[in-house]
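Listed below are the residues making up each chain.
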Amino acid sequence: MAAHPGGPPGRAGRRPPPPGLTRADPGTRPGPTEGVSTQRITMKDGANGALPHHHERSAEMLYVLDGAAEFLSGDQVITGEAGDLIVVPPRTAHAFAAVPGSDADLLIVNTPGVERFEYFCHLQRIALGELSPESILEVQERYDNHFLSGPAWDGRRR
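The structure displayed is predicted, hence computed values, not measured ones. (Residues numbered from 1 in each chain as written. Predicted model: local features only at pLDDT ≥ 70, side-chain atom pairs only at ≥ 80, totals over all residues. Heavy atoms only, no water.)

Undergrad: A description of the overall build of the protein should follow, citing residues and the corresponding values.
TA: In terms of regular secondary structure, the protein is built from three helices and nine strands. If you list the helices and strands of the protein from N to C, you get β-β-β-β-β-β-β-β-α-α-β-α. For the protein, the share of sequence-separated contacts (at least 6 apart) that also reach a separation of at least 24 residues comes to 70%. By element, 54% of the accessible surface of the protein is carried by carbon and sulfur atoms, the whole surface being about 7800 Å². (Helix = DSSP H or I, 4+ residues; strand = E, 2+ residues; numbered from the N terminus. Contact = heavy atoms within 4.5 Å. Areas by Shrake-Rupley, 256 points an atom, 1.4 Å probe, with all protein chains shown as cover.)

What follows is the structure, given as structure tokens:
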């Protein structure tokens, strides 16, 4: 799959994602309880991918296509390398980032499907300063993405 920073080719008005993060696939747009949603995310040397959060309704599977990534799952921080699969059940705290000194290419699958396209657009608007970081709290339920503190993650990622 060829990378198309900021979204698929041909979409007018697309801006590049934040430094270090490339989205190759903006994800599917299923209804709230249908199918799966997928994203492919490439993170550069040590870049954060997602801060600690959980999904009430979806399990998340993270497959390391290339490189190495750190993952928070519950209260454990583990390192995954190419070929590793991390499965996070609903309501379980998780986060991910490229390992410092390494890039990471991940395939992420949520099931049942969760709206991801507009969620990533919202994150991009925050990164560009068009929305406040606190605005994400107003849409947590819509995107089933609930942020929380992650002491194990915070200690590891400093």
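Undergrad: How would you explain the packing of aromatic side chains if you had to name every residue and give the values?
TA: Scanning the entire structure with this criterion turns up two aromatic pairs. Members of the aromatic cluster, connected to one another through ring pairs, are Tyr119, Phe120 and Tyr143. (Phe/Tyr/Trp six-rings, centres within 6.5 Å; stacked < 30°, edge-to-face > 60°.)

Undergrad: Before we move on, could you go through unusual backbone geometry and cite the residues and values that matter?
TA: Residue Pro112 is reached from Thr111 by a cis peptide bond, and omega for that bond is -5 degrees. At Arg91, a position not held by glycine, the phi torsion is positive, near 65 degrees. For Arg91, the location among the structural elements is in the loop between strand E6 (85-88) and strand E7 (94-98). Judged by relative accessible area, which is 56%, Arg91 ranks as exposed. Positioned with a positive phi, Asp144 is a non-glycine residue whose angle comes to about 50 degrees. The exposure class assigned to Asp144 is buried, which follows from its relative accessible area of 1%. (Buried < 20%, exposed > 50% of the residue type's maximum accessible area, 1.4 Å probe, protein only.)

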